[in-house]
Amino acid sequence: MDEEIRKAGDYTIIHSLHIGDREVVLGENQENQDGQKFMCAFCTSNWLFARYDDVLTSDDYPEIVAVYGQRIAEQAEKTRVDLSKPKFQGIPNAPLTEKDCTPISYNDDLNGKIIVIKPDVLRREYRMATQQIKLCTGGFGASPNSRGSACCCVDLYSGKESRFERVDVLGTLEQEQLPEWAKLGLVEYRQKQQKSKEQGAR
């Protein structure tokens, strides 16, 4: 089966590399009337849409490839620095495996549970404990015996929201099993939720 053709405006994406929070793409449009046949951009996407930023165009393929390579290098370094923070904080960050958590079944309710994401579901740079431990906040996939599969989550290290499929969940952790950084993240999240409720009640 032919791969789906990916487009960014009138440009067909011919090369891409996703690292960290953004993807670097290189596109081609041989029919461009201005002679700007090649483009390079950053792509930020989720399960609903993709947005292309910092778009540069050129009629010179080697030039745009040089830009593509430079942007990949810069994004890789930014990601390396971001992901090195736990190490500098003295946080053990080895990937969690099945032996570190309790496996789930189809009948388990994941709402409000602390879940562990399978490392092989995550991109290579994110296969570490600080990226695996989440609080499941809802989604059809969080309910037992549901036809839906999406689980809405909050990252207990960064506080960022994310979405995974139920099949991506390796298992669950009890609060007493959490490393200290995750306990702190859970407390901060609950305090934030309580503050929002109090403000909404005014």
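Everything quoted here is computed from the prediction, not taken from an experiment. (Residues numbered from 1 in each chain as written. Predicted model: local features only at pLDDT ≥ 70, side-chain atom pairs only at ≥ 80, totals over all residues. Heavy atoms only, no water.)

Asker: Looking at this model, I keep getting lost on the overall build of the protein. Mind explaining?
Answerer: In terms of regular secondary structure, the protein is built from three helices and 10 strands. For the protein, the N- to C-terminal ordering of α and β elements is β-β-β-β-β-α-β-α-β-β-β-β-α. Each principal axis of the C-alpha atoms in the protein carries an extent, and together these give about 60 × 45 × 40 Å. Across the 202 residues in the protein, those meeting the buried criterion constitute 37%. Here the analysis covers contacts within the protein between residues at least 6 apart in sequence; of these, 50% occur between residues at least 24 apart. With an accessible surface of roughly 12700 Å², the protein has 50% of that area assigned to carbon and sulfur atoms. Measuring between centres, the 27 positive side-chain charges of the protein sit 7 Å from its 32 negative side-chain charges. (Helix = DSSP H or I, 4+ residues; strand = E, 2+ residues; numbered from the N terminus. Buried < 20%, exposed > 50% of the residue type's maximum accessible area, 1.4 Å probe, protein only. Contact = heavy atoms within 4.5 Å. Areas by Shrake-Rupley, 256 points an atom, 1.4 Å probe, with all protein chains shown as cover. Lys, Arg positive; Asp, Glu negative; His and termini not counted. Charge placed at Lys NZ, Arg CZ, Asp CG, Glu CD.)

Asker: Sorry, what's going on with the sheet that holds strand β10 (residues 169-173) here?
Answerer: The strands that make up a sheet are held in pairs by hydrogen bonds between backbone atoms, and each pair lies either parallel or antiparallel. The sheet built from five strands is open, its strands ordered β9-β8-β7-β6-β10 with antiparallel pairing. Because the sheet does not close on itself, it has two edges, and the strands there are β9 (161-165) and β10. Adjacent strand axes in the sheet meet at a mean angle of 45° when their direction is disregarded. Summarising the sheet, strand β6 (residues 114-117) and strand β7 (residues 133-138) pair through three bridges and their orientation is antiparallel. The residue of β7 that forms the bridge with I115 is K134. (Pairing = 2+ DSSP bridges. Axes fitted to C-alpha atoms, helices over the stretch in contact; angles between N-to-C directions.)

Asker: For this particular structure, what's the right way to read the packing of aromatic side chains?
Answerer: The geometry of an aromatic ring pair comes down to the distance between the two centres and the angle between the two planes. Scanning the model with the defined rule gives two aromatic pairs in all. Plain terms: the ring middles of F38 and Y61 are 5.1 Å apart, the flat faces sit at 55° to each other, and that makes the pair tilted. Of this pair, F38 sits in strand β4 (residues 38-45) while Y61 sits in helix α1 (residues 61-88); the two residues are 23 residues apart in sequence, bridging distant segments of the chain. A centroid spacing of 5.8 Å and a plane angle of 80° characterise the contact between Y157 and W181, whose relative ring orientation is edge-to-face. One end of the pair, Y157, is in the loop between β8 (150-155) and β9; the other, W181, is in helix α3 (residues 180-200), and 24 residues separate them in sequence. A cation over a ring is seen here: R22 above F42, with NZ or CZ 3.7 Å from the ring centre. (Phe/Tyr/Trp six-rings, centres within 6.5 Å; stacked < 30°, edge-to-face > 60°. Lys NZ or Arg CZ within 6 Å of the ring centre and 35° of its normal.)

Asker: Got a minute to help me understand the confidence of the model for the protein in this structure?
Answerer: In low-pLDDT segments, the atomic positions of the prediction should not be examined closely. Predicted confidence across the protein gives a mean pLDDT of 92, with 98% of residues reaching 70 or more. For the protein, the element scoring lowest by mean pLDDT is α3, at 89; β6 scores highest, at 98. (pLDDT = per-residue confidence, 0-100.)

Asker: How do you make sense of the pairing of strand β3 (residues 22-28) when you look at a structure like this?
Answerer: In the case of a regular strand, side chains alternate between the two sheet surfaces. With respect to burial, β3 is a largely interior element, five of its seven residues being buried. Direction of pairing for strand β2 (residues 11-19) relative to β3: antiparallel, over a ladder of seven bridges. Within β3, the position partnered with S16 by the bridge is V25. What sits between the antiparallel neighbours β2 and β3 is a turn of two residues, in which G20 has the positive phi angle 70°. Inspection of the sheet shows β3 paired to β4 by six bridges, in the antiparallel sense. If you follow E28 over to β4, its bridge partner there is F38.

Asker: Even after reading the chapter, I still don't get the pattern of salt bridges, so can you show me in this structure?
Answerer: Close approach of charged atoms allows side chains of opposite charge to pair. Counted by the stated rule, this structure contains 12 salt bridges. Its salt-bridge partner being R163, residue E165 comes within 3.2 Å of it at the nearest N-O pair. Residue classification places E165 among the partly exposed positions, given a relative accessible area of 23%. Among the charged side chains, a salt-bridge network with shared partners connects D21, K78, D82 and K85. (Salt bridge = Lys/Arg side-chain N within 4 Å of Asp/Glu carboxyl O.)

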